[in-house]
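# Understanding the architecture of this molecule
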Amino acid sequence: MNDILSVHNLVQHFKINSGLTINAVNGISFDVKKGEIFGLVGESGCGKSTVAKSIMGLYSLTSGEIYFKGNMISDRKIYRKNKDDIHKNMQIIFQDSSSALNPRMTIEKIIREPLKANNMYDKTKSEKQIDELLRQVGLDVSFRQKYPGEISGGQRQRVAIARSIALSPELIIADEPIASLDISIQAQIINLFQKLQREYGFSFIFIAHDLSIVRFLCNRVAVMVKGRIVETAPTEVLFENPLHPYTKSLLSAIPVPDPKIRNSKFIDYNEKELNDNGILKEVCPQHFVYM
Amino acid sequence: MENILEIKNLSLSFYTPSGEIEALRNINLQLGKGEILGIVGESGCGKTVLSKTVLRLLPKNAKIKNGEILLNGKDIVPYSESKMRGLRGSVMSMVFQDPMTTLNPTIPIGKQITESILKHSNIKYNEAKKQAIEMLDMVGIDSPEKRFAMQPHFFSGGMRQRCVLAIALASKPEILFADEPTTALDVTVQAKILDILLKIRDETRISIVFITHDFGVVARIADRIAVMYAGKIVEVGKTEEIFYDPRHPYTWGLLSSLPYFAKKGEPLKCIPGMPPVMMNLPKGDVFATRNKYALDIDYEKEPPIFDITDTHKAATWLLDKRAPKIKPPKFFGGECHE
Ligand SMILES: Nc1ncnc2c1ncn2[C@@H]1O[C@H](COP(=O)(O)OP(=O)(O)OP(=O)(O)O)[C@@H](O)[C@H]1O
Ligand SMILES: Nc1ncnc2c1ncn2[C@@H]1O[C@H](COP(=O)(O)OP(=O)(O)OP(=O)(O)O)[C@@H](O)[C@H]1O
Ligand SMILES: [Mg+2]
Ligand SMILES: [Mg+2]
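The following paragraphs examine the structure supplied in this document. (Residues numbered from 1 in each chain as written. Chains lettered and ligands numbered in written order. Predicted model: local features only at pLDDT ≥ 70, side-chain atom pairs only at ≥ 80, totals over all residues. Heavy atoms only, no water.)

Looking only at helices and strands, chain A has 10 helices and 12 strands in total. For chain A, the C-alpha radius of gyration of 20 Å lies close to 19 Å, the compact-globule estimate for 291 residues. Here the C-alpha coordinates of chain A stretch approximately 55 × 55 × 40 Å along the principal axes. Counting only residues that meet the buried cut, chain A has 55% of its 291 residues in that class. Here the analysis covers contacts within chain A between residues at least 6 apart in sequence; of these, 62% occur between residues at least 24 apart. When the accessible area of chain A is evaluated, it comes to approximately 12400 Å², of which 49% is carbon and sulfur surface. Side-chain charges of chain A comprise 37 positive and 32 negative groups, with the mean position of each set lying 4 Å from the other. (Helix = DSSP H or I, 4+ residues; strand = E, 2+ residues; numbered from the N terminus. Rg over C-alpha atoms; globule rule 2.2 N^0.38 Å. Buried < 20%, exposed > 50% of the residue type's maximum accessible area, 1.4 Å probe, protein only. Contact = heavy atoms within 4.5 Å. Areas by Shrake-Rupley, 256 points an atom, 1.4 Å probe, with all protein chains shown as cover. Lys, Arg positive; Asp, Glu negative; His and termini not counted. Charge placed at Lys NZ, Arg CZ, Asp CG, Glu CD.)

Here it is as structure tokens:
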């Protein structure tokens, strides 16, 4: 078995009131292989975070199935049976995790807590590990005693990253983990993720809007529009030969760090063009386009 | 260009149980009317604190040690809290890095925008509501009428960020402090939002302080860029000057870590080491330990700010006429090499 995660026909509709239902995710399927970094990109509001939260079991699904290491964890009973494994081996870094840190805990306590909760705490070893984790995310030991309110936004996000890798999970779902970080620290975190993948075989779902980072980091990418995957392919194939009009629009909008190219051509895409009953077709090996 | 904001010799510290944190150190900065000033620099260098200092939104343990903040020529540092309240929103408003610090989770988004409009103009509720829906539409939220009555947790991360921008613009401020206002947006929506901001600037002559770590974004939107390091402005200049003729080794480091210049398969370049915790700072240039171009004097004496052109300045001893000539890395017109 090669897939750490499989998502089958995931549908997530939120009923707001009798007159309004938001169709956040409309039947998407994908697999994440062991040791792979799978990128999920797409328009703001297209359902990326909802996919992430559905995988984590934070919402019950409208329909569809989710398999983690072959177990169908979208089933409540199976989820409960595998609870310990899931808690240890599947971690999420939220888009706004910095606001989710407990403001009354010191940074060291925040990182120590999941180790204790999963019975992985060993005083001498773990305390050294905490120093090392902080260093890996570019913070020094003086941060241990600080509270979330005393540090900057990017520093908080890095604490959240340190906490989520502390347990050495097999799958990390990273929902825009580095959007709030400056480029030098971003580079450090990206290099760290790459190391975790290459040396320890971590798998990642990497949700991001910074396409130059996605291109650099991910092995495979899926592009979403309005709750659907419209194109998926190995990263270089997608960037070299985008086929869906939304993917083309997305790639044309990448801001280039060169003021001369300020007003480069941006291909607009109207999402209303998307038909509701297309399917993903394999146009070349591993390259699927919604049509 | 006439300056709407002028910051002179501004220093600010936080006083914490473990000691004094020198968050801003002798900041000098001007913002012209209708100008977009980008601020870049590593996490923790003081970008947010700088904006919050101008708006006076800092906790009690923060003290301005020195300096003036001239708004339309008048120093606002001595202003009372009630006078500052009068300025916030109407004259200056801020988009916070974390949208949830602005949004009230229990109040529908539309109502929060409407209230912001009503607070700063004398129009009827229904008119304000209409404007609020237009603003939601402007920032690209679809079905704004339906979304009007929904609470923030029904919105995606990027939608919340756009709502916060709508709230900040609703009061029609003269200066907008936008703290990473597009980090949660995909690039297509981001491109549209940047265009909207440029259009609003051209129409209303609003001045914008745009904090971001995305060099692609500053390249597109900023007229001028200030680079901050450890509470100081180390380089400032026109956007073209910073990109095509950067002079500070720290700016070189930032530009070299861009994935844009990276080669697939190689690790991204980073600036070695970490920014200092701004407590008990060493003498000399605090960047010296991370700077491979550091001179002996960098460990002794803080560099002054040197003028390169009328608009371009940098604080590095490399610009002193006694300094050895070095070959700076090139970023454009060829690839990035060192
Ligand atoms: N808990 C919820 N209840 C109701 N609607 C929701 C909920 N969470 C998200 N939505 C809606 O579902 C859609 C998808 O939201 P989601 O947060 O998954 O988008 P996203 O792709 O992560 O966007 P972004 O890039 O802006 O973070 C949006 O229309 C949003 O308003
Ligand atoms: N309330 C506070 N008490 C003590 N120190 C603080 C407080 N708020 C901020 N600081 C410190 O001031 C420095 C500047 O913080 P600031 O939030 O301005 O950083 P930033 O440049 O906005 O970083 P980021 O890009 O991560 O948001 C940081 O080192 C931070 O730890
Ligand atoms: Mg999201
Ligand atoms: Mg900040």
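Taken together, the contact between chain A and chain B spans 60 residues of the former and 61 residues of the latter. Between chain A and chain B, roughly 4700 Å² of surface is buried when both sides are summed, and carbon and sulfur atoms account for 59% of that area. Among the residues chain A hides against chain B, the three largest losses belong to Ile183(A), Pro257(A) and Arg262(A). Together they make up 16% of the total. The salt bridge partner of Lys192(B) is Asp268(A), with a shortest N-O separation of 3.6 Å. Mapped by element, the contributors of at least two residues to the side of chain A that touches chain B are strand 2 (20-33), helix 6 (153-165), helix 7 (183-200), helix 8 (211-217), helix 9 (235-240) and helix 10 (245-252) of chain A. (Buried area = accessible area lost by both parts, 1.4 Å probe. Salt bridge = Lys/Arg side-chain N within 4 Å of Asp/Glu carboxyl O.)

Taken together, the neighbourhood of ligand 2 is formed by 21 residues, with Ser152(A), Ser43(B), Gly44(B), Thr48(B) and Gln97(B) sitting nearest. More than one chain reaches ligand 2: the nearby residues come from chains A and B. About the coverage of ligand 2: the protein hides 91% of its 640 Å² of free accessible area. Those elements that provide at least two residues to the shell around ligand 2 are helix 6 of chain A together with strand 1 (3-16), strand 2 (19-32) and helix 1 (47-55) of chain B. Class assignment of the residues belonging to the shell around ligand 2 gives a composition of eight nonpolar, 11 polar and two charged. (Near = heavy atom within 4 Å. Nonpolar A, V, L, I, M, F, W, Y, C, P; charged D, E, K, R; others polar.)

It is worth spelling out the pairing of strand 8 (residues 207-211) of chain B at this point. Residues and elements named next belong to chain B. Burial of strand 8 is extensive: five of the five residues sit out of reach of the surface. Burial along strand 8 is two-sided: the face carrying Ser207, Val209 and Ile211 and the face carrying Ile208 and Phe210 are both buried. When strand 3 (residues 36-40) meets strand 8, the two strands line up parallel, connected through four bridges. Across the sheet, Ile36 pairs through a bridge with Ile208, a residue of strand 8. With five bridges joining them, strand 7 (residues 175-179) and strand 8 adopt parallel strand pairing. Within strand 8, the residue paired with Phe177 across the bridge is Val209. (Pairing = 2+ DSSP bridges.)

Moving on: the site of ligand 1. Neighbouring residues of ligand 1: 24 residues in total, closest Ser44(A), Gly45(A), Thr50(A), Phe154(B) and Gly158(B). At the site occupied by ligand 1, nearby residues are drawn from chains A and B. Ser44(A) is positioned with one of its side-chain polar atoms (N or O) 2.7 Å from an oxygen atom of ligand 1. Contact distances for ligand 1 include 3.3 Å between an oxygen atom and a backbone N or O atom of Gly157(B). About the coverage of ligand 1: the protein hides 93% of its 630 Å² of free accessible area. (Polar contact = N/O pair within 3.5 Å; in protein donor to acceptor, adjacent residues only side chain to side chain.)

What follows covers the pairing of strand 9 (residues 224-229) of chain B. Residue and element names in this part refer to chain B. For strand 9, the tally of buried residues reaches six of six residues, placing the bulk of the element in the interior. Burial along strand 9 is two-sided: Arg224, Ala226 and Met228 facing one way and Ile225, Val227 and Tyr229 facing the other are all buried. Judged from the four bridges that link them, strand 3 and strand 9 form a sheet pairing that is parallel. Note on strand 9: the bridge partner recorded for Ile39 is Ala226. One ladder, built from six bridges, connects strand 9 with strand 10 (residues 232-238); its direction is antiparallel. Note that in strand 10 the partner of Tyr229 across the bridge is Lys232. Where strand 9 folds back on strand 10, the antiparallel hairpin that results is connected by two residues, among which Ala230 adopts a positive phi of roughly 45°.

Protein ligation of the magnesium ion (ligand 4) involves Thr48(B) (OG1) and Gln97(B) (OE1), the donor distances falling in the range 2.0 to 2.4 Å. With a gap of 49 residues between them, Thr48(B) in helix 1 and Gln97(B) in the loop between strand 6 (92-95) and helix 3 (109-119) connect regions that are remote in the sequence. (Donors = N, O, S within 2.8 Å, 3.2 Å for Na, K, Ca; no water.)

Looking now at helix 5 (residues 123-136) of chain A. Residues and elements named next belong to chain A. Here helix 5 is 14 residues long and its end C-alpha atoms lie 20 Å apart, about the 20 Å a rise of 1.5 Å per residue gives. Turning to helix 5, its buried residues number three or more, namely Ser126, Glu127, Ile130, Leu133, Leu134 and Gln136. Those residues of helix 5 hidden inside the fold are in contact with helix 4 (107-117), helix 6 and helix 7. Note on helix 5: the residue one or two positions beyond its end, Gly138, has a positive phi of about 80°. (Expected span 1.5 Å × (residues − 1).)

Residue and element names in this part refer to chain A. Contact pair helix 4 / helix 5: the axes reach a minimum separation of 11 Å and the direction vectors enclose 120°. As summarised for this structure, helix 4 and helix 5 are arranged oblique, according to the angle between their axes. Classified by chirality, the crossing of helix 5 by helix 4 is right-handed. Here Ile107, Glu108, Ile111, Arg112 and Leu115 of helix 4 lie close against helix 5, whose contacting residues are Ser126, Glu127, Gln129, Ile130, Leu133 and Leu134. A per-class count over the contact of helix 4 with helix 5 returns six nonpolar, two polar and three charged. (Axes fitted to C-alpha atoms, helices over the stretch in contact; angles between N-to-C directions. Parallel < 35°, antiparallel > 145°, perpendicular 65-115°, else oblique. Left-handed = near helix turned anticlockwise from the far one by under 90°.)

Turning our attention to the sheet that holds strand 4 (residues 62-71) of chain B. Residues and elements named next belong to chain B. If you walk across this open sheet you meet the four strands as 2-1-4-5, and the pairing is antiparallel. What marks the edges here is a single partner per strand, and that holds for strand 2 and strand 5 (74-75). Bridge analysis of strand 1 against strand 2 gives 10 bridges, and the strand direction is antiparallel. Bridged to Asn3 within strand 2 is Gly32. Of the strands in this sheet, strand 1, strand 2 and strand 4 are in contact with helix 1, which crosses strand 1 at around 110°.

All names here are of chain A. Here we have four strands laid out as an open sheet, ordered 2-1-4-5, and antiparallel in their pairing. Each edge of the open sheet is held by one strand with a lone partner, namely strand 2 and strand 5 (71-72). As paired elements, strand 4 (residues 63-68) and strand 5 share two bridges and run antiparallel to each other. Counterpart to Phe68 in the pairing with strand 5 is Asn71. Packed on one face of the sheet, helix 1 (residues 48-55) meets strand 1 (3-17), strand 2 and strand 4 and runs near 115° to strand 1.

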